[in-house]
Amino acid sequence: LPLLLLHSESDEVVPFSHALRIHEAVAGSELRALRGADHRFSRPEHREAVVEDALHWFRKHLCDR
């Protein structure tokens, strides 16, 4: 199954290295690294980027199946 990881390089709760390890362990996974975002993507521009990335990924992997 396809897997999308959205993670901030500056996450203060879950280290970015955890996302990297998952990405390396799951063949075909996609990792989107957001710079400067906190754990909850509190800033509007970070939330917008996450939503855009997720929508693009959903359309690519889940539509027309």
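Scroll up for the structure.
A brief structural summary.

Cut-offs applied
- Residues numbered from 1 in each chain as written.
- Predicted model: local features only at pLDDT ≥ 70, side-chain atom pairs only at ≥ 80, totals over all residues.
- Heavy atoms only, no water.
- Phe/Tyr/Trp six-rings, centres within 6.5 Å; stacked < 30°, edge-to-face > 60°.
- Helix = DSSP H or I, 4+ residues; strand = E, 2+ residues; numbered from the N terminus.
- Buried < 20%, exposed > 50% of the residue type's maximum accessible area, 1.4 Å probe, protein only.
- Contact = heavy atoms within 4.5 Å.
- Polar contact = N/O pair within 3.5 Å; in protein donor to acceptor, adjacent residues only side chain to side chain.
- Right-handed = clockwise from strand over helix to strand, strands pointing away.

## A few points about the packing of aromatic side chains
Then, in step 1: In the structure shown here, the tally under the stated rule is 1 aromatic pair.
Then, in step 2: Ring geometry for Trp57 versus Phe58: centroids 5.7 Å apart, planes at 70°, classification edge-to-face.

## Comments concerning the environment of Glu9
Then, in step 1: With respect to the helices, strands and loops of the structure, Glu9 is situated in the loop between β1 (4–8) and α1 (16–25).
Then, in step 2: Assessed through its relative accessible area of 39%, Glu9 is described here as partly exposed.
Then, in step 3: Among all residues touching Glu9, those that are not within four sequence positions of it are Phe16, Ala33, Leu34 and Arg35.
Then, in step 4: Of the polar contacts made by the side chain of Glu9, one reaches the side chain of Arg35; its length is 3.3 Å.

## Things to note about the pairing of β1
Then, in step 1: Among the 5 residues that make up β1, 4 are buried, leaving the element largely enclosed by the rest of the structure.
Then, in step 2: A crossover connection joins β1 to the parallel strand β2 (residues 30–34) through α1; in handedness this β-α-β unit is right-handed.

## Side note on the side chain of Ser29
Then, in step 1: In this structure, Ser29 sits in the loop between α1 and β2.
Then, in step 2: Within polar-contact distance, the side chain of Ser29 engages the backbone oxygen of Val26 at 2.9 Å.
Then, in step 3: Excluding residues that lie within four positions of it along the chain, Ser29 makes contacts with Leu3, Ile22 and His23.

## Observations regarding the environment of Phe58
Then, in step 1: You can see Phe58 is positioned in helix α2 (residues 44–62).
Then, in step 2: Along the sequence, Phe58 and Pro2 sit 56 residues apart, while their C-alpha atoms lie 9.9 Å from each other.

## A look at the side chain of His61
Then, in step 1: Along the chain, His61 turns up in helix α2.
Then, in step 2: A polar contact of 2.8 Å, which involves the side chain of His61, links it to the side chain of Glu30.
Then, in step 3: Here His61 is in contact with Pro2 and Glu30, once residues within four sequence places are set aside.

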